[in-house]
Amino acid sequence: MSASDKPSAIIFGGLNTWSRKFACHLVPEEGESLVTHLRVVDKFSVNPPTTYLGSEFTNVMEKPNIEYKQANLTIPATVSKMFDPPEGQAPYTYIFDLTGEVRHDRPDMVQIQQTVNISRLLGEEAARRGVKAYVRVTQPFYDTPEKGSHDEKESVKPAGVRGVWWHETLRVLADIENLNLVILRPGLVYGPYIEYGILTTTMTVASVYGYLKKPMKGLWSPGKNPMNTVHVADVAGSAFALAVWIGKEGRKEADILAGEEITSNDKSKIKAGEGQNLPDPGKKLIAPLFNLVDDSNSTLVSIGAEITGMFGTTFGFHDFFMTTMAKITKLSESVIEDINEEHVGGWTEMITTSNPPIPNTPLSAYMDESALQKISVAFNAEKIKNVIGYTLKYPQFSQTALQDVVDRWKAEGNWPNVEPK
């Protein structure tokens, strides 16, 4: 692809989740860039950093065709300014929207302001500017039925307050006229330099039990609940493939080829959004939607076995009493603290006795309420293979890929170097 044929792109949000990998995919450390110019925009500072960046992203930020802008995206004028290209450059062609509040304990109004409203501002500005592709990358905040895998045509239930508003954001974007929108809905994401998410926490906790030479225990036996996984390299790779696709097809044709109804949330769930200019719950909204998971059909027990096996231990379940208490109390603070006590102390011991010691690490062994809740994410991802022709780089959730994650953290001094006790 010649330079004149290449797109330019902006990645909004997600610096604390996946956008660093998106940047490294578009402007790799080695090899040819996929874009002429890349702008990354988020609320965090990168110099000095106010969130974990990872060595790969830090290196890529030295390239001449990438820049970072710290910005408050709740302000319309700021959003508009972020779309202005550098002097002498053509308007941006691709937008990757990874914005949104990912913390599980934030109330409705915070989710509306930080997730729904920011995406709305970005989508409206992108439509005004006539961008060729607007890729919304959502989070797997859903509670799917445990039996089978569920394709894009099925209406799956958003999980919790953040699930409701992340899903409502899709409806808000689908309702914007002349927006070349395509939605990517991945499963549970893991990979190098990704400190966010249940899989990273599980790896950290499993390493502690390997160090202590004890089995790691989960709550929800028999552990057959689906927890479909996907490598972050495939999230970034497929997002770019979707941008290229809709850039060629346009929204009208994309809706014909891959459009799905973005179903309404329960009215009672979005009551807090009254007066926030949300689409009418009865309005039928269509947008191209693609699931993305690997071919592992991962479950709680298969993930537990794969990860603990890498650290030389095993995966089992808490006794009946602890499981029952967790269900009855809906994971009360005391139950959460009891579960965390041993492995949090073990992780602290590991990083302080490491050779060399690890004074600071973005990784934590603490499992909050969202990490301990029963998770059920089962997506069918055949559509993105058939319609887009996307081929997974990491089709299996494997110890080889997981070891690569640990090795990279060790190399940058964020993972302890200790022998089992």
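Everything quoted here is computed from the prediction, not taken from an experiment. (Residues numbered from 1 in each chain as written. Predicted model: local features only at pLDDT ≥ 70, side-chain atom pairs only at ≥ 80, totals over all residues. Heavy atoms only, no water.)

### Re the environment of Tyr 190
Thought 1: Along the chain, Tyr 190 turns up in strand S9 (residues 188-190).
Thought 2: Using a relative accessible area of 1% as the deciding quantity, one classes Tyr 190 as buried. (Helix = DSSP H or I, 4+ residues; strand = E, 2+ residues; numbered from the N terminus. Buried < 20%, exposed > 50% of the residue type's maximum accessible area, 1.4 Å probe, protein only.)

### Some points on the pairing of strand S1 (residues 9-12)
Thought 1: The alternating pattern of S1 places Ala 9 and Ile 11 on one face and Ile 10 and Phe 12 on the opposite face, and all of these are buried.
Thought 2: Direction of pairing for S1 relative to strand S2 (residues 38-42): parallel, over a ladder of four bridges. Note on S2: the bridge partner recorded for Ile 10 is Arg 39.
Thought 3: With helix H1 (residues 19-26) bridging S1 and the parallel S2, this β-α-β connection has right-handed handedness.
Thought 4: Summarising the sheet, S1 and strand S4 (residues 94-97) pair through four bridges and their orientation is parallel. Within S4, the residue paired with Ile 10 across the bridge is Ile 95. (Pairing = 2+ DSSP bridges. Right-handed = clockwise from strand over helix to strand, strands pointing away.)

### Describing helix H13 (residues 399-411)
Thought 1: Between its first and last C-alpha atoms H13 spans 18 Å; for 13 residues at 1.5 Å apiece the expected length is 18 Å, and the two agree.
Thought 2: All buried positions along H13 are accounted for by Ala 401, Leu 402, Val 405, Val 406 and Trp 409. Seen along its axis, H13 keeps its buried residues to an arc of 140°; they face one direction. Those residues of H13 that are exposed and aimed more than 90 degrees away from the buried face are Thr 400 and Ala 411.
Thought 3: Elements in contact with the buried residues of H13: S9, helix H6 (198-212), strand S11 (229-231) and helix H8 (300-310). (Expected span 1.5 Å × (residues − 1). Arc of directions from axis to C-beta. Contact = heavy atoms within 4.5 Å.)

### Description of the side chain of Lys 383
Thought 1: One can find Lys 383 in helix H12 (residues 382-388).
Thought 2: Lys 383 gets classed as buried once you look at its relative accessible area, which sits at 12%.
Thought 3: For Lys 383, the side chain forms a polar contact with the main-chain oxygen of Leu 289, separated by 2.8 Å.
Thought 4: Once you skip the residues sitting within four places of it in the chain, Lys 383 turns out to touch Glu 152, Ala 258, Glu 260, Leu 289, Phe 290 and Ile 388. (Polar contact = N/O pair within 3.5 Å; in protein donor to acceptor, adjacent residues only side chain to side chain.)

### Points about the pairing of strand S13 (residues 286-292)
Here is the key point about a regular strand: its side chains alternate between the two faces of the sheet.
Thought 1: Of all seven residues that make up S13, six are buried, and the element is covered over most of its length.
Thought 2: Sheet topology places strand S8 (residues 181-186) next to S13; four bridges connect them, and they run parallel. When the sheet's bridge partners are listed, Leu 184 is paired in S13 with Phe 290.
Thought 3: Pairing analysis gives three bridges linking strand S12 (residues 259-261) to S13, with the strands arranged antiparallel. Among the inter-strand pairings, Glu 261 is bridged to a residue of S13, identified as Ile 286.

### Considering the packing of H1 against helix H7 (residues 232-258)
Thought 1: It is the contact of H1 with H7, at a shortest axis distance of 9 Å, that shows an interaxial angle of 60°. The pairing of H1 with H7 is recorded here as oblique in orientation. Here the hand of the crossing between H1 and H7 comes out right-handed. Residues Lys 21, Phe 22, His 25 and Leu 26 of H1 lie in contact with H7, whose contacting residues are Val 232, Ala 233, Val 235, Ala 236, Gly 237, Ala 239 and Phe 240.
Thought 2: By residue class, the composition of the contact of H1 with H7 is eight nonpolar, two polar and one charged. (Axes fitted to C-alpha atoms, helices over the stretch in contact; angles between N-to-C directions. Parallel < 35°, antiparallel > 145°, perpendicular 65-115°, else oblique. Left-handed = near helix turned anticlockwise from the far one by under 90°. Nonpolar A, V, L, I, M, F, W, Y, C, P; charged D, E, K, R; others polar.)

### Concerning the pattern of salt bridges
Thought 1: Tallied over the entire structure, the rule returns 21 salt bridges.
Thought 2: Of the charged contacts in the structure, one is a salt bridge between Lys 21 and Glu 56, with a shortest N-O distance of 3.7 Å. Here Lys 21 is found in helix H1, whereas its partner Glu 56 is found in helix H2 (residues 55-60), with 35 residues between them in sequence.
Thought 3: If you follow the salt bridges from partner to partner, you end up with Asp 84, Glu 125, Arg 128 and Arg 129 in one network. (Salt bridge = Lys/Arg side-chain N within 4 Å of Asp/Glu carboxyl O.)

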